[in-house]
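Chain by chain, the residues run as shown.
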Amino acid sequence: MKVYFYTKNEDNDEKITQTHERIIQFFKENGVDLISNLTHRTHQQEHLSFEDMNGLVVEGRGSVQEVGYLVALALAQQKPILYLLPKGAILPDQLRSLKDNKKLHKLFLLRYYSERTLNSFLIDFIDLIETGELRREVPTIKFTLRFTPRSSRYINWKAKQKKISKADYLRKLIDGQIAGDELYQSFLRKPKNDAQSRD
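Summed over all chains, the structure comprises five salt bridges. Residues D100 and K99 are paired through a salt bridge, measuring 3.7 Å at the closest nitrogen-oxygen approach. Taking relative accessible area as the criterion, K99 reaches 40% and is therefore assigned partly exposed.

In structure tokens:
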């Protein structure tokens, strides 16, 4: 898997630099071949092709106009885009039309991130590239579950390894089970009339 990561840090802000390093490190740890304007400074945007890339990730603190070419190029080649903005940032007008476009909804993902949610959005983006769909829906159902101390220690440890929250780790486990359960998937594909007639 190959991803292009574009960002700017005009103020040389250390916190922003750490975020960029965290994104680069995340992709390296997950086996993603990453090309970035930060690490490949000689790589000219004009010669960039998304034909052999699987997606584009933008950390969008800089000017939207500067990244517009890359976004247009990725969309023209039907490649998914993860556009990250810090939580609380104002949505630039140029992105509003992309965000609200129903045809581009599956390709253009705009996410407001915090230190806590960044990894979850990156994991979702890898899932989107690998499966062609965003499996994780926004959680809305509250569910209370009690664990033994042993299970809790394991979940804590595993979530730290993956650098995501315990809840996100458990959601991912269940999503994986759903995707891999052929019997359940065939049940979902059955016409509703068939399912109702058996009740």
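Here the focus is the nonpolar core. The tendency in soluble globular proteins is for nonpolar side chains to be buried as a group. Core analysis: the largest hydrophobic core is formed by 25 residues, its most contacted members being I23, F27, V57, L82, L84, L122 and F125. Contributions of two or more residues to this core are made by β1 (2-7), α1 (14-29), β4 (81-86), β5 (108-113), α4 (118-131) and α5 (149-162). In terms of residue count, α4 provides more of this core than any other element does, eight residues in total. Look past the residues within four positions of I23 in its chain and what remains in contact with it is F5, E59, L84, L118 and L122. Core analysis: the next-biggest nonpolar cluster, separate from the first, contains 23 residues, A74, L91, L107 and F108 among them.

Our next topic: a nonpolar patch on the surface. Judged by side-chain polarity, L173, I174, I178, Y184 and F187 come together as a nonpolar surface patch covering roughly 470 Å² of accessible area. With three residues, the single largest contributor to the nonpolar patch is helix α6 (residues 166-180). Relative to the helices and strands, F187 resides in helix α7 (residues 182-189).

Here the focus is unusual backbone geometry. Positive phi values are uncommon outside glycine, yet Q78 reaches one of about 60°. Tracing the sequence through the fold places Q78 in the loop between α2 (64-76) and β4. Judged by relative accessible area, Q78 falls into the exposed class, the value being 56%. Non-glycine residue K163 carries a positive phi angle of around 60°. By secondary structure assignment, the location of K163 is in the loop between α5 and α6.

Rules and cut-offs
Residues numbered from 1 in each chain as written. Predicted model: local features only at pLDDT ≥ 70, side-chain atom pairs only at ≥ 80, totals over all residues. Heavy atoms only, no water. Salt bridge = Lys/Arg side-chain N within 4 Å of Asp/Glu carboxyl O. Buried < 20%, exposed > 50% of the residue type's maximum accessible area, 1.4 Å probe, protein only. Core = buried A, V, L, I, M, F, W, Y, C linked by side-chain atoms within 4.5 Å. Helix = DSSP H or I, 4+ residues; strand = E, 2+ residues; numbered from the N terminus. Contact = heavy atoms within 4.5 Å. Patch = residues over 30% accessible without salt bridge, like charges linked within 9 Å, V, L, I, M, F, W, Y side chains within 5 Å. Areas by Shrake-Rupley, 256 points an atom, 1.4 Å probe, with all protein chains shown as cover.

Interpretation note: all reported values are geometric properties and have no functional meaning in isolation.
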